[in-house]
Amino acid sequence: MGREKKKFTLYQRQMSNGKKVWYYRTYDDFGNRTNGKSTGQSSKTKAENYCLELFRNNLLIPDSSLKLSQYIEQKNFFTFGKCAYCAENGLKKTYADDCKSRLNKHIIPLLGKLKFDTLNSKRIEAWQRHLLISDDKNLSVKSVRECKSVLRIILNSARSDGFLNNDVFDRVKKLPRHNRNVRGILTEMEVRDLFDEKNYETYWKSHQYYYIASLVACFTGMRQGEILALTPEKVFPTHL
């Protein structure tokens, strides 16, 4: 009788940023070795504990019935300091936080309950359409494109981990090149109304700094950086 195979095996890989990370391999129900998956750990002991925790939660071998939100939680996506993807790709905390915000606002609430075996291009298109035209979202094309980038990262990872068999974005319709919303400019009457002293409390809520900075920008054409650089000795009754 042959010796029973280990539940998983560990090996190290060096990332493009020079960091060494432990990966693991396991075997499916047919005895076939699966593709390597990152533990996100540089310590072998921590990597072993990570795999044991997956095993205890029955997540060591990919399960296509797993929910997207469960996978995101399992991988700590864009939680800086815990996310393997962030560490391996050298992402900065500010970028990770932005991605985390899009994840929590626009991805998990709408797609989080879906299981991988029900996730397809039609569902992605419906989600994309909802972000663009629904009353509660109505995002710009640029914002939806940024959300799609975050989702693509997660689904590419899920595909590498064996939860998806194909690229669900392959048949998703592309977003229009330009935003459908046309932004106009304020009329003269609207500008006068905005900066009228009697409307100061209504529009500016006693934020004197914002009021003055906006007033200067409106009547001088100065840019934000130039206004922020102003000092008292550069301000005169008739000019700046």
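The shown structure was predicted, so the numbers you read here are calculated from the model rather than taken from an experiment. Going along each chain's sequence as written, the residues are numbered from 1 onward. Owing to the predicted nature of the model, reporting of local features is limited to residues with pLDDT of at least 70; listing and counting of side-chain atom pairs is limited to 80 or more, with chain, interface and lining totals taken over all residues. The side-chain numbers reported here are obtained from all heavy atoms of the structure, hydrogens and water having been left aside.

Trainee: Go over helix α4 (residues 93–111) with me, naming the residues and quoting the values.
Mentor: Bend at a residue means the angle formed by two fitted axes: the first through the 7 residues ending at that position, the second through the 7 residues beginning there. Put simply, DSSP marks the helices as runs of H or I at least four residues long and the strands as runs of E at least two long, and each gets a number from the N terminus on. Its axis deflected by about 40° at L103, α4 carries its strongest bend there. Buried within α4 we find A96, C99, R102, L103, H106, I107 and L111. The contact criterion used is simple: two residues touch if any of their non-hydrogen atoms lie within 4.5 Å. Residues of α4 that are buried make contact with α2 (68–75), α3 (84–88), α5 (121–133) and α6 (141–160). For each residue, the accessible area found with a 1.4 Å probe, counting protein chains only, is set against the maximum for its type, and the residue is called buried under 20%, exposed over 50%, and partly exposed in between.

Trainee: Summarise the packing of aromatic side chains; cite the residues concerned and give the values.
Mentor: The rule is short: rings of Phe, Tyr and Trp, with Trp giving its six-membered ring, pair when the centres are within 6.5 Å, and they are stacked under 30 degrees, edge-to-face over 60, tilted in between. This model, assessed by the stated rule, comprises eleven aromatic pairs. Note on F195 and W204: the rings are 5.8 Å apart at their centroids and 20° apart in plane angle, and the pair reads as stacked. Looking at F195, the relative accessible area reads 12%, which means it is buried. The class for W204 is buried, based on a relative accessible area of 12%.

Trainee: Tell me about the nonpolar core, and please be specific about residues and values.
Mentor: Definition of nonpolar core: a set of buried residues of the types Ala, Val, Leu, Ile, Met, Phe, Trp, Tyr and Cys, connected through side-chain atoms within 4.5 Å. Ranked by internal contacts, the top residues of the largest apolar core, which has 44 residues, are F78, F116, I124 and L155. Secondary structure elements with two or more residues in this core: α1 (44–56), α2, α4, α5 and α6. Among the elements that make up this core, the one with the highest residue count is α6 (nine residues).

Trainee: How would you explain the confidence of the model for the protein chain if you had to name every residue and give the values?
Mentor: Residue-level pLDDT values for the protein chain average 84, and 89% of them are 70 or greater. Residue-level confidence of the predictor, termed pLDDT, takes values from 0 up to 100. When pLDDT is averaged over each helix and strand of the protein chain, the minimum, 83, is found for strand β3 (residues 37–41) and the maximum, 94, for α4.

Trainee: Describe a nonpolar patch on the surface, and please don't skip the residues or the numbers.
Mentor: Taken together, the side chains of Y209, Y210 and L228 make up a nonpolar region of the molecular surface, amounting to roughly 370 Å² of accessible area. Note on placement: Y209 falls in helix α9 (residues 208–220). Residues form patches when they are more than 30% accessible in relative terms and have no salt bridge. Like charges link within 9 Å. Nonpolar side chains (Val, Leu, Ile, Met, Phe, Trp, Tyr) link within 5 Å. All accessible areas in this document rest on Shrake-Rupley with a 1.4 Å probe, and a residue is counted as covered only by the protein chains that are shown. What makes a salt bridge here is a side-chain nitrogen of Lys or Arg within 4 Å of a carboxyl oxygen of Asp or Glu, nothing more.

Trainee: Before we move on, could you go through the sheet that holds strand β1 (residues 9–14) and cite the residues and values that matter?
Mentor: Note on pairing: two strands pair once DSSP finds at least 2 bridges between them. If you trace the three strands from one edge of the open sheet to the other, you get β1-β2-β3, paired in antiparallel fashion. Edge positions in the sheet fall to β1 and β3, since each of these pairs with one other strand and no more. Recorded for the sheet is a direction-independent mean angle of 35° between the axes of neighbouring strands. As paired strands, strand β2 (residues 20–25) and β3 are joined by three bridges and run antiparallel to one another. Along β3, the bridge assignment pairs Y24 with K37. Those strands touched by α1 are β1, β2 and β3, and its axis lies near 125° from that of β3. Interaxial angles span 0 to 180 degrees and are taken between N-to-C directions of axes, which are lines fitted to C-alpha atoms, for helices over the stretch in contact.

Trainee: An account of the environment of N76 is needed here, citing residue identities and associated values.
Mentor: With respect to the helices and strands, N76 occurs in the loop between α2 and α3. Placed ten residues apart in sequence, N76 and C86 show a C-alpha to C-alpha distance of 9.8 Å. Residue contacts for N76: discarding those within four places in its chain leaves K82 and C83.

Trainee: Which residues make up the pattern of salt bridges, and what are the values?
Mentor: This model, assessed by the stated rule, comprises six salt bridges. D97 is the partner of K93 in a salt bridge, and the nearest nitrogen-oxygen pair spans 2.8 Å. With a gap of four residues between them, K93 and D97 both fall in helix α4, about one helical turn apart. We classify D97 as partly exposed; its relative accessible area is 34%. Among the ionic pairs, E188 bridges to R192, the shortest N-O distance being 3.1 Å. Highlighted residues: E188 and R192, both in helix α7 (residues 188–195), separated by four residues, approximately one helical turn.

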